[in-house]
Amino acid sequence: MSHPASQTQTHLRPLAEVHDLRAYRQDRIEAALEEAQERMTRGHEDEALEATFRALSLDPRSYEALSLAGTLLAMLGDAKASAVYTREAIRVKPGKADAYYDLGATLLEIDQADEALEWLDAGIEKAEGRDDDLTEFLHSARIEALVQLGRMDEAQSALETARTRTRDALGLLEGCEQAIAQGQKKPRLRVV
């Protein structure tokens, strides 16, 4: 008859191996994402997307990989696919305001301003209390959505509110002011 302590030790061994396997998988995910970032920085978006998909094959719920896939797909001109991955990133981590901006910007590119406005408003709510460029990007894209929807009075009001909030974003706000005056789209930045 075997001793209970030796049985416990035998049963714990597979648990330690599972932890090692998880750590190994996480290391591979991080390496793939680092590779993707490096390739994207060098302007090789196709290769970066392949590396990102490798990370997603290891963890389909990786917020970082989903968000990066959305960004890369937008850079490659596939806004619809970008929106799918960015929506999933938001589903995985609903508190990350940067994905709301990316999704809103992508939806504006494919003329879905109604839905974009909803996501941008949610992102502004998530970013409440932050004082950084992302907040300004969200407000700028929101103004653009209002312009696309022909809601010029609301866009003008949002612009005036944004002006009172910050002086740092004057360049973005000037672009919004021109968009309102011309009733047209303006290029957007992506959060990377």
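Heads up: these notes are all about the structure in this document. (Residues numbered from 1 in each chain as written. Predicted model: local features only at pLDDT ≥ 70, side-chain atom pairs only at ≥ 80, totals over all residues. Heavy atoms only, no water.)

A word on the overall build of the chain. The helix and strand inventory of the chain stands at nine helices and zero strands. When the helices and strands of the chain are placed in sequence order, the string is α-α-α-α-α-α-α-α-α. A buried classification covers 42% of the 192 residues belonging to the chain. Once local pairs closer than 6 in sequence are excluded, the contacts in the chain between residues at least 24 apart make up 58%. Counting every atom, the chain has about 10,900 Å² of accessible surface; 50% of that belongs to carbon and sulfur. (Helix = DSSP H or I, 4+ residues; strand = E, 2+ residues; numbered from the N terminus. Buried < 20%, exposed > 50% of the residue type's maximum accessible area, 1.4 Å probe, protein only. Contact = heavy atoms within 4.5 Å. Areas by Shrake-Rupley, 256 points an atom, 1.4 Å probe, with all protein chains shown as cover.)

With that settled, the discussion passes to the nonpolar core. In this structure, Tyr101, Leu108, Leu120 and Leu138 are the most contacted members of the largest nonpolar core, which totals 48 residues. Breaking this core down by element, the ones donating at least two residues are helix H1 (4–41), helix H2 (45–58), helix H3 (63–75), helix H4 (79–92), helix H5 (97–109), helix H6 (113–126), helix H7 (133–148) and helix H8 (152–165). (Core = buried A, V, L, I, M, F, W, Y, C linked by side-chain atoms within 4.5 Å.)

Two numbers describe how H2 lies on H3: the axes approach to 9 Å, and their chain directions differ by 155°. By the angle between their directions, the pair H2 and H3 is classed as roughly antiparallel. Regarding H2 and H3, the two cross each other, and that crossing is left-handed. Facing H2, whose interface residues are Glu45, Ala48, Leu49, Thr52, Phe53, Ala55 and Leu56, H3 presents Ala65, Leu66, Leu68, Ala69, Leu72, Leu73 and Met75. (Axes fitted to C-alpha atoms, helices over the stretch in contact; angles between N-to-C directions. Parallel < 35°, antiparallel > 145°, perpendicular 65-115°, else oblique. Left-handed = near helix turned anticlockwise from the far one by under 90°.)

Here the focus is H3. For H3, which comprises 13 residues, the first-to-last C-alpha distance of 18 Å matches the rise-based estimate of 18 Å (1.5 Å per residue) to within 8%. The complete set of buried residues in H3 reads Tyr63, Ala65, Leu66, Ser67, Leu68, Ala69, Gly70, Thr71, Leu72, Leu73 and Ala74. Phi turns positive, to about 90°, at Gly77, one or two residues after H3. (Expected span 1.5 Å × (residues − 1).)

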